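# Structural overview
Listed here are the chains, written in short residue letters.
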Amino acid sequence: MAAQITLYTAKICPYAQRAEIALAETGLPFKRVEIDLKNKPEWYPKVNPRLQVPAITYGGADHPPEAPSPDSEKIAESLVLVDFFNDLAPNHPLLPTDPVLRAKARYFVEAVGSRFNPAWFGACARGESCDKIFEAIESLQALLPATGKYAVGDEFTIADVAAVPFFARMEVTFREDIGAYAQGEGPKAWKTIVTEPRFARWREYYANLKARESFKKTFDEEFVKRAFAARFADLRKP
Ligand SMILES: N[C@@H](CCC(=O)N[C@@H](CS)C(=O)NCC(=O)O)C(=O)O
């Protein structure tokens with residue numbers, strides 16, 4: 001029997017959604033525990049002393065969420081978990097076998113973290129200009145193959161797992177004008193992204209990502225919208 005996996009996660013969190021997508025893609029059985037990030041349970045340090053989601057317990061006896069089995073492994077960090085689930089799964093579906101494609105997938109993951117995420121989060125949480133997202137999207141777009149559904153071709157890989165939770169939260173926050181940036185800037189930036197020809201290849205890629213079952217079943221758009229509206233409500237300067 002497969003070792004037990006208990007996933008501690010939060011619907012609002014893009015990092016946690018990476019872990020959930022990887023679980024959906026690999027088909028590994030797991031138990032899902034939603035953590036309220038605004039009111040974390042007092043037992044959560046037993047799961048992850050850094051107090052972040054996503055995190056898992058792996059192996060050991062089945063246990064209730066609040067009492068992880070002492071003989072289970074405790075593992076955290078979204079990209080570590082994506083790799084871990086891929087390693088556990090037969091055929092390792094989230095990484096191609098070709099070394100060049102593996103390198104490209106990893107490079108794309110790095111680019112999402114160093115270029116896209118700071119541009120989105122800078123606008124929403126720190127009130128920086130939404131326009132910084134344009135350069136970020138163009139830099140990712142430049143990495144895409146000329147054809148192919150996903151970041152490194154027709155195979156869905158760790159690159160796509162890493163990216164889509166952030167793309168989707170950017171869409172929701174900008175489209176709905178949720179964030180610390182100046183009022184009206186979000187929808188304006190979103191309109192630019194969905195209409196300008198220079199983003200056409202990225203739009204095609206993002207549409208393919210959104211159509212993926214593993215994304216659809218792990219993304220609760222209404223919940224994410226409400227949660228970000230509450231989280232960023234007080235940040236916009238009058
Ligand atoms: N580097 C971590 C980042 C995870 C992270 O920042 N998670 C946030 C939620 S999106 C969290 O748990 N924050 C703790 C808190 O809000 O107190 C990863 O990739 O898993």
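First, a word on scope: everything that follows refers to the structure included in this document. Here the structure is a predicted model, which is why all the values come from computation and not from measurement. (Residues numbered from 1 in each chain as written. Predicted model: local features only at pLDDT ≥ 70, side-chain atom pairs only at ≥ 80, totals over all residues. Heavy atoms only, no water.)

## Some words on the sheet that holds strand S1 (residues 5-9)
- Pairing within the open sheet is mixed, and its 4 strands lie in the order S2-S1-S3-S4. In this open sheet, the two edge strands, each paired with only one partner strand, are strand S2 (31-34) and strand S4 (73-76). The mean angle between the axes of side-by-side strands here comes to 20°, regardless of whether they run parallel or antiparallel.
- Sheet topology places S1 next to strand S3 (residues 55-58); 4 bridges connect them, and they run antiparallel. In the sheet register, tyrosine 8 faces S3, and the bridge partner there is alanine 55.
- The sheet strands contacting helix H1 (residues 14-26) are S1 and S2, and the helix crosses S1 at an angle near 145°. (Pairing = 2+ DSSP bridges. Helix = DSSP H or I, 4+ residues; strand = E, 2+ residues; numbered from the N terminus. Axes fitted to C-alpha atoms, helices over the stretch in contact; angles between N-to-C directions. Contact = heavy atoms within 4.5 Å.)

## Re the site of the ligand
- Near the ligand, the surroundings consist of Cys13, Tyr15, Leu37, Lys40, Leu51, Gln52, Val53, Pro54, Glu77 and Ser78.
- Between the ligand and lysine 40 there is a distance of 2.4 Å, counted from an oxygen atom to a side-chain nitrogen or oxygen.
- Valine 53 is positioned such that a nitrogen or oxygen atom in its backbone is 2.9 Å from an oxygen atom of the ligand.
- Contact with the protein chains hides 73% of the accessible area of the ligand, taken as 510 Å² for the molecule alone.
- Taken together, the residues of the shell around the ligand break down into 6 nonpolar, 2 polar and 2 charged. (Near = heavy atom within 4 Å. Polar contact = N/O pair within 3.5 Å; in protein donor to acceptor, adjacent residues only side chain to side chain. Areas by Shrake-Rupley, 256 points an atom, 1.4 Å probe, with all protein chains shown as cover. Nonpolar A, V, L, I, M, F, W, Y, C, P; charged D, E, K, R; others polar.)

## Focus: the nonpolar core
- Residues Phe85, Phe116, Ile133, Met170, Phe174 and Tyr205 are the most contacted members of the largest nonpolar core, which totals 76 residues.
- Shared between two domains, this core holds at least three residues of each, these being domain 1 (5-88) and domain 2 (99-232).
- Ignoring sequence-local partners within four residues, the contact set of methionine 170 consists of Phe116, Trp120, Ile133, Ile137, Arg175, Trp190, Ile193 and Trp202. (Core = buried A, V, L, I, M, F, W, Y, C linked by side-chain atoms within 4.5 Å. Buried < 20%, exposed > 50% of the residue type's maximum accessible area, 1.4 Å probe, protein only. Domains from an automatic or database assignment.)

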